[in-house]
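Listed here are the chains, written in short residue letters.
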Amino acid sequence: MPVQTIDSSAGHRGRGVGLGLALASAVAFGGSGVAAKPLIEAGLDPLHVVWLRVAGAALVMLPLAVRHRALLRRRPALLAGFGLLGVAGVQAFYFASISRLPVGVALLIEYLAPALVLGWVRFVQRRPVTRAAAVGVVLAVGGLACVVEVWSGLSIDAVGLLLALGAACCQVGYFVLSDQGTDSGADTPDPLGVIAYGLLVGAAVLTVVARPWSMDWSVLGGTADMNGTSVAAALLLSWIVLVATVVAYVTGVVSVRRLSPQVATVVACLEAVVATVLAWVLLGEHLSAPQIIGGAIVLLGALIAQSSTPVKPSVEPVASGGPERELSRRSTAA
């Protein structure tokens, strides 16, 4: 029938646009570490790079914060939790870890978070988990052993490993927050407003921790080395703020409105793949064959664990996808 044909065609176009936006979001998020590492090697402290990223993005998103200012009264705990864990915690630990580890390795370790959530669900909340979820955890842990090459006596930087695990733990808190922070129906907070206020909270926290007044601002006026190529530091910072943060969050939110949660989860896992490939091409960070295989196993385990995590039937998630996109899935209910 004509009406059904038109509706079906529009639905296919909508999903196609959503998939394109989700891929753009994965590329944008995946490029953050590749752009940040040259700035860190040029002399900026990892915390200063995180502060520049979050504060710059918060400034760009400020109009959205003003528009959704009612969230300050309605959801103060959600905004504080998202800012502390989903913004300040994850980013600070991740950027600190890439100063010691290859970008791809750091992000793959961070992708243990969906598997770690199962531990929280099973042992803290005492809720049952499926057999598939347990398999996902085993796969993720086994894959991590390959990524860090444990048979070499854990040759990977131990401090970098702990920092990457810190990012994963902050992400676990982020996932747990997403399971507790929302109501269904018209009272559900707008995800763009939560992102905007999360960035503001994160910027405020990082200002105290990073102390940007002690930063060597002259680095931003010079160049940074990207595998032998000099790139303007200001250009790298612009990419981190505008593309890897603002564009990445917004395209992620818009894309999930057009995709199912299952598709969004799969696309989110591409962030680690994109980051690894970009680091390989732009930074010359080559991973060994066991690390590549281990990374694929980590992503598979994370995907299985995340998709198998039991969810309370009365609560809709605030967040979705990978390390920084879990918030966006909640927009499907908005």
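In this text the structure is predicted, and so the values were computed from the model without any measurement.

Looking at the element boundaries, Leu 71 is found in helix H5 (residues 71-74). When its relative accessible area of 3% is taken as the criterion, Leu 71 is described as buried. In the structure, Leu 71 is positioned 123 residues away from Val 194 in sequence and 7.7 Å away in space, judged by C-alpha atoms.

Further remarks concern the packing of aromatic side chains. With the rule as written, the count across this model stands at three aromatic pairs. Ring geometry for Phe 29 versus Tyr 249: centroids 5.3 Å apart, planes at 90°, classification edge-to-face. Pair noted here: Phe 29 is in helix H1 (residues 2-30) and Tyr 249 is in helix H12 (residues 233-256), with a separation of 220 residues, a long-range link. Take Phe 29: its relative accessible area is 1%, and that puts it in the buried class. For Tyr 249, a relative accessible area of 6% translates into the label buried. A centroid spacing of 6.2 Å and a plane angle of 90° characterise the contact between Trp 51 and Trp 217, whose relative ring orientation is edge-to-face. Of this pair, Trp 51 sits in helix H3 (residues 46-60) while Trp 217 sits in the loop between helix H11 (191-210) and strand E1 (223-226), and the two are 166 residues apart along the sequence. We classify Trp 217 as partly exposed; its relative accessible area is 43%.

Take the packing of helix H2 (residues 32-41) against H3 next. In contact at an axis separation of 10 Å, H2 and H3 are set at 130° when each is read in the N-to-C sense. Considering the angle they form, H2 stands oblique to H3. The element H2 and its partner H3 pack so that their crossing is right-handed. Across the interface between the two elements, Ser 32, Ala 36, Leu 39 and Ile 40 from H2 touch Pro 46, Val 49 and Arg 53 from H3. Of the residues that constitute the contact of H2 with H3, the class distribution is five nonpolar, one polar and one charged.

Reading the values: the criteria
Residues numbered from 1 in each chain as written. Predicted model: local features only at pLDDT ≥ 70, side-chain atom pairs only at ≥ 80, totals over all residues. Heavy atoms only, no water. Helix = DSSP H or I, 4+ residues; strand = E, 2+ residues; numbered from the N terminus. Buried < 20%, exposed > 50% of the residue type's maximum accessible area, 1.4 Å probe, protein only. Phe/Tyr/Trp six-rings, centres within 6.5 Å; stacked < 30°, edge-to-face > 60°. Axes fitted to C-alpha atoms, helices over the stretch in contact; angles between N-to-C directions. Parallel < 35°, antiparallel > 145°, perpendicular 65-115°, else oblique. Left-handed = near helix turned anticlockwise from the far one by under 90°. Contact = heavy atoms within 4.5 Å. Nonpolar A, V, L, I, M, F, W, Y, C, P; charged D, E, K, R; others polar.

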